[in-house]
Amino acid sequence: MGRAFEYRRAAKEKRWDKMSKVFPKLAKSITVAAKEGGSDPNMNAKLRTAIANAKAQNMPKDNIDAAIKRASGKDGTFSEVTYEGKAANGVLIFIECTTDNPTRTIANIKSYFNKTPNASILTNGSIDFMFMRKSVFEFRTDGDLEELELTLIDYGLEEMQSAQDDEGVYHIAYGDYKDFGRLNEGFEALQIPLLKAALQRIPTSPITLSEEQMQDIEKLLDRIEDDDDVQAVYTNIE
């Protein structure tokens, strides 16, 4: 599988780790989940997923509770929408949004593509099959990785890899997107704190670009990711 989804990890995390951007996006996903399936996480798998992801990002409990409560009010009218697009050099872009005004959101997304040479919006469904949906968990541990992997297989683990950042070695666990809840329960049972927990779209055929080719793409991705309605952006760039 590789780590293609982390193609721009350092640059992307530097932006998304700003709490002023991250928490509102997480709150939206919690509100939508609670609105759709009820405010009890035990009875709402989608809400459990949203809460687990928020906790992995160190979102305070008060913020999580407020987002759930908001679902019962008149301002909890968010909906989830996705958009697909392409850019130069074979770049494919899949965008997930949570919005209270889809007309505004699509207008903004189109404007970002229109400002970028050789980029355009595609009809939904055009590139969805080019991405695998996976449960992705990042964590650190001093325990026996082989034993941990064998245990997590019972919770839906498909593959585990190791990587390194400025703070040292960390590990990435992958599973089918339908097994997010099971895997999260596994980490809770083992009392392993998570660095991140999310459903991600991983490209099936990643491509490699030069620094020069990435310049316009970076500008486009920056514009998209900075939009308040955008929850996540995925590409096929390795």
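Conventions used here
- Residues numbered from 1 in each chain as written.
- Predicted model: local features only at pLDDT ≥ 70, side-chain atom pairs only at ≥ 80, totals over all residues.
- Heavy atoms only, no water.
- UniProt positions renumbered as here; feature names shortened; annotations may be inferred.
- Salt bridge = Lys/Arg side-chain N within 4 Å of Asp/Glu carboxyl O.
- Helix = DSSP H or I, 4+ residues; strand = E, 2+ residues; numbered from the N terminus.
- Buried < 20%, exposed > 50% of the residue type's maximum accessible area, 1.4 Å probe, protein only.
- Pairing = 2+ DSSP bridges.

- Looking at an unreviewed UniProt entry, one finds the protein named Probable transcriptional regulatory protein LS71_006730, with Helicobacter jaachi as its source organism.
- Recorded in UniProt under Subcellular location (unreviewed entry), the annotation for the protein is "Cytoplasm".

**Considerations on the pattern of salt bridges**
Here comes step 1: Taken as a whole and judged by the stated rule, the model has 12 salt bridges.
Here comes step 2: As a salt-bridge pair, arginine 201 and glutamate 96 come within 2.7 Å of each other at their nearest N and O atoms. In this pair, arginine 201 is assigned in strand 7 (residues 194-203) and glutamate 96 in strand 2 (residues 91-99), connecting sequence segments 105 residues apart.
Here comes step 3: The exposure class assigned to arginine 201 is buried, which follows from its relative accessible area of 10%.
Here comes step 4: Looking at glutamate 96, the relative accessible area reads 18%, which means it is buried.
Here comes step 5: Here arginine 104 and aspartate 229 are joined by a salt bridge, their closest N and O atoms 2.9 Å apart. Pair noted here: arginine 104 is in helix 5 (residues 102-114) and aspartate 229 is in the loop between helix 8 (211-225) and strand 8 (230-235), with a separation of 125 residues, a long-range link.
Here comes step 6: With relative accessibility at 32%, the residue arginine 104 sits in the partly exposed group.
Here comes step 7: Overlapping salt bridges bring together Lys28, Asp100, Arg104 and Asp229 as one network.

**Some remarks on the UniProt feature "domain: TACO1/YebC-like second and third" (unreviewed entry) in the protein**
Here comes step 1: The UniProt record annotates "domain: TACO1/YebC-like second and third" (unreviewed entry) at residues 79-237.
Here comes step 2: Along residues 79-237, the helical share is 30% and the strand share 40%, with 28 Å between the first and last C-alpha atoms.

**Things to note about the pairing of strand 4 (residues 131-139)**
Consecutive side chains of a regular strand alternate in pointing toward one face of the sheet and then the other.
Here comes step 1: Of all nine residues that make up strand 4, seven are buried, and the element is covered over most of its length.
Here comes step 2: Relative to strand 7, strand 4 is paired through nine bridges, and the arrangement is antiparallel. Within strand 7, the position partnered with lysine 134 by the bridge is glutamine 200.
Here comes step 3: Both strand 4 and strand 6 (residues 168-176) contribute to a ladder of six bridges, which runs antiparallel. Each bridged residue has a counterpart across the sheet, and for phenylalanine 139 the counterpart in strand 6 is histidine 171.

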